[in-house]
There are 2 protein chains.
Amino acid sequence: MTASPAPVVILVAPQLGENIGMVARAMANFGLSELRLVNPRDGWPSEKALSAASGADWVVEGARVYGSTAEAIADLGVVLATTARPREMAKPVLDPQAAAERLAGRIDAGETAGILFGGERAGLDNDDVALADAVITFPTAPEFASLNLAQSVLLTGYEWFRTRGLEGGRPRQAAPPLAPKADLQRLFEHLESELDAAGFLFPPEKRPTMVRNLRTIFLKADLTDQEVRSLRGVVRALSELKQRRGTDTN
Amino acid sequence: MTASPAPVVILVAPQLGENIGMVARAMANFGLSELRLVNPRDGWPSEKALSAASGADWVVEGARVYGSTAEAIADLGVVLATTARPREMAKPVLDPQAAAERLAGRIDAGETAGILFGGERAGLDNDDVALADAVITFPTAPEFASLNLAQSVLLTGYEWFRTRGLEGGRPRQAAPPLAPKADLQRLFEHLESELDAAGFLFPPEKRPTMVRNLRTIFLKADLTDQEVRSLRGVVRALSELKQRRGTDTN
């Protein structure tokens, strides 16, 4: 069923199996097939999901479950997060069409890509959004702005399908590969542990915001493998004593 | 709730109240408010419709019921019919975007406009389609082409809302100002002087390339004022941490 590569759909803490099934159906309408679930509330597999998928069984049956958003995106090159409205995160904000174009460009360059969708009640939390390279918001009427989960997936898939259809087969651009999210995660943890040691991420109630803002900087940069390695080296060089490191203090 | 004139949504022989409610919700998302029902199977009004509308009550409560498609469109100037696939009718076939543009053109010219959607099971019959000026079809994946009723309305509304230029939509997020290049320059020099002190930018013949690559990372990130200040703080904190580590062992 999967012809050409397409973005992965990642549902973070979805609640009802029915809604997961509706998402699967919307994905199938637009040629998306890879579904990942982070901590589905009502468990998995789900008969209700299968029933609501109205025949998009291959999407439901192929869904994989993860214990955290970070794990679910660890192997992906570019990740977008859907939010009801722009948040104060200084990340690029895309409408679904611009998002589809960005994803298509990256996928043409040989990247893997994913789109994060939050649960039915509250959407993505800020820590999940912070993991993404950019944010997708949907243009809706201000007096009734909220889309449900399957509708958000539907609009995103629609724009993806249109972008693919309009382009046909664009030649691949040679672009350096983006670092996998797992490597970025290790860079973040390295930097943050040194900043903790330096007393920089202080006071504690401000730490989450400071961490998110720092991560946003590096996510915006679309880092390559090589750049992540350079930054690891920079953090080490700035914070560690070069000679006799680790021996003096033992 | 209705600001500027917009197309009427006409559901022909819809079955479940839930689905009518979902249609109302999708309409409200994109600023459509006038709903007409032709022979709703399960009767009208419908508690289930109201509940499924998730707050788009004004659409459900304002819905009017008609005994035939012809009556429901009698006062309208231009009518489009949605179908799953083009039929042998020698009518113009539009995708949702082209349909929205045509409707907007007509409404701007002072016309009234409507869009026909068929019931859940079989869509519009040929007699209903024959009443329309043109047909809307949705681009979907051939192996899973069928959209449900509310999804068809959602995509149509989405394109309508986009075509209207988002005039009723929320203003785009005001992007935070980028840092002046002079501040970036000071960040670069600060970082590089600390890295020189750490012996990181070594050997000398590789220094220019290493510096360029590091600068590229931060240039790609489109840094704001605040982010440049944060990064200055990070460089300072890490360098001071190292000094502390150096003196601790002395």
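In the nomenclature of an unreviewed UniProt entry, chain A is known as RNA methyltransferase of Microbaculum marinisediminis.

Peer 1: Please clarify how the overall build of chain A should be interpreted in this entry.
Peer 2: If you tally the helices and strands in chain A, you get 10 helices and 7 strands. Whereas a compact globule of 250 residues would reach a radius of gyration of roughly 18 Å, chain A reaches 20 Å, a difference of no more than 12%. With respect to the principal axes defined by its C-alpha atoms, chain A has extents near 65 × 40 × 35 Å. Taking all 250 residues of chain A together, the buried fraction comes to 55%. The contacts of chain A with a sequence gap of at least 6 include a subset with a gap of at least 24, amounting to 84%. Accessible surface computed for chain A: about 10,400 Å², of which carbon and sulfur atoms make up 51%.

Peer 1: Before we go on, may I ask you to explain the packing of helix α10 (residues 225-239) of chain A against helix α8 (residues 181-197) of chain B in this structure?
Peer 2: Where α10 of chain A meets α8 of chain B, the closest approach of the two axes is 9 Å, and the angle between their N-to-C directions is 65°. When the axes of α10 of chain A and α8 of chain B are compared, the pair comes out roughly perpendicular. In this structure, the crossing between α10 of chain A and α8 of chain B has a hand that is left-handed. Seen from α10 of chain A, the contacting residues are Val234, Ala237 and Leu238 of chain A; seen from α8 of chain B, they are Leu191, Glu194 and Leu195 of chain B.

Peer 1: What exactly am I supposed to notice about the environment of Val228 of chain B here?
Peer 2: All names here are of chain B. Structurally, Val228 is set in helix α10 (residues 225-248). Sequence separation between Val228 and Ile115 is 113 residues; the distance between their C-alpha atoms is 52 Å. The residues touching Val228, leaving out its near neighbours within four places in the chain, are Ala179, Asp183, Leu184, Leu187 and Leu223.

Peer 1: Would you take a moment to explain the pattern of salt bridges for this structure?
Peer 2: Pairs can form between side chains of opposite charge whenever their charged atoms are close. Residues and elements named next belong to chain A. This model, assessed by the stated rule, comprises 25 salt bridges over all chains. Asp183 serves as the salt-bridge partner of Arg186, at 2.6 Å between the closest nitrogen and oxygen. On the criterion of helical spacing, the pair formed by Arg186 and Asp183 is a turn pair, its members being 3 residues apart in helix α8 (residues 181-197). Judged by its relative accessible area of 45%, Arg186 is partly exposed. Under the relative-accessibility criterion, Asp183 is labelled partly exposed at 26%. Because the salt bridges share partners, they merge into one network encompassing Glu34, Arg36, Arg64 and Asp75.

Peer 1: Would you mind going over helix α1 (residues 17-29) of chain B with me for this structure?
Peer 2: Think of an α-helix as 3.6 residues a turn; residues three or four steps apart then line up on the same face. All names here are of chain B. Relative to the 18 Å expected for 13 residues at 1.5 Å per residue, α1 spans 19 Å between its end C-alpha atoms, a close match to the ideal helical length. The buried fraction of α1 amounts to 11 of the 13 residues, a majority that puts the element mostly inside the structure. For α1, the complete set of buried residues consists of Gly17, Ile20, Gly21, Met22, Val23, Ala24, Arg25, Ala26, Met27, Ala28 and Asn29. Positive phi shows up at Gly31, right after α1, with a value of about 75°.

How each quantity is defined
Every chain is numbered independently, its residues counted from 1 as its sequence is written. Written order decides the labels, with chains lettered from A and ligands numbered from 1. Selection of residues for local features in this predicted model requires a pLDDT of at least 70, selection of side-chain atom pairs for listing and counting requires 80 or more, and totals for whole chains, interfaces and linings are taken over all residues. Working from all heavy atoms in the structure, the side-chain values ignore hydrogens and water. Think of it this way: any DSSP run of H or I at least four residues long counts as a helix, any run of E at least two long counts as a strand, and we number them from the N terminus. Using C-alpha atoms as the atom set, the radius of gyration is obtained and then compared with a globule rule of 2.2 Å times the number of residues to the power 0.38. Accessible area is worked out with a 1.4 Å probe on protein chains only. A residue is then buried under 20% of its type maximum, exposed over 50%, and partly exposed in between. Contact between two residues is taken to exist if any of their heavy atoms lie within 4.5 Å; hydrogens are not considered. Reported accessibility uses the Shrake-Rupley method at a 1.4 Å probe radius. Residues are deemed covered only where the shown protein chains occlude them. Axis geometry follows a simple rule: fit a line to the C-alpha atoms, using only the stretch in contact for helices, then measure angles between N-to-C directions, giving values from 0 to 180 degrees. Convention used here: angles under 35 degrees read as roughly parallel, angles over 145 as roughly antiparallel, angles from 65 to 115 as roughly perpendicular, and any remaining angle as oblique. Handedness of a helix crossing follows the sense of rotation of the near helix relative to the far helix, less than a right angle counterclockwise being left-handed and clockwise being right-handed. The term salt bridge refers to a pairing of a side-chain nitrogen on Lys or Arg with a carboxyl oxygen on Asp or Glu at a separation within 4 Å. Take the number of residues in a helix, subtract one, and multiply by 1.5 Å to get its expected span.

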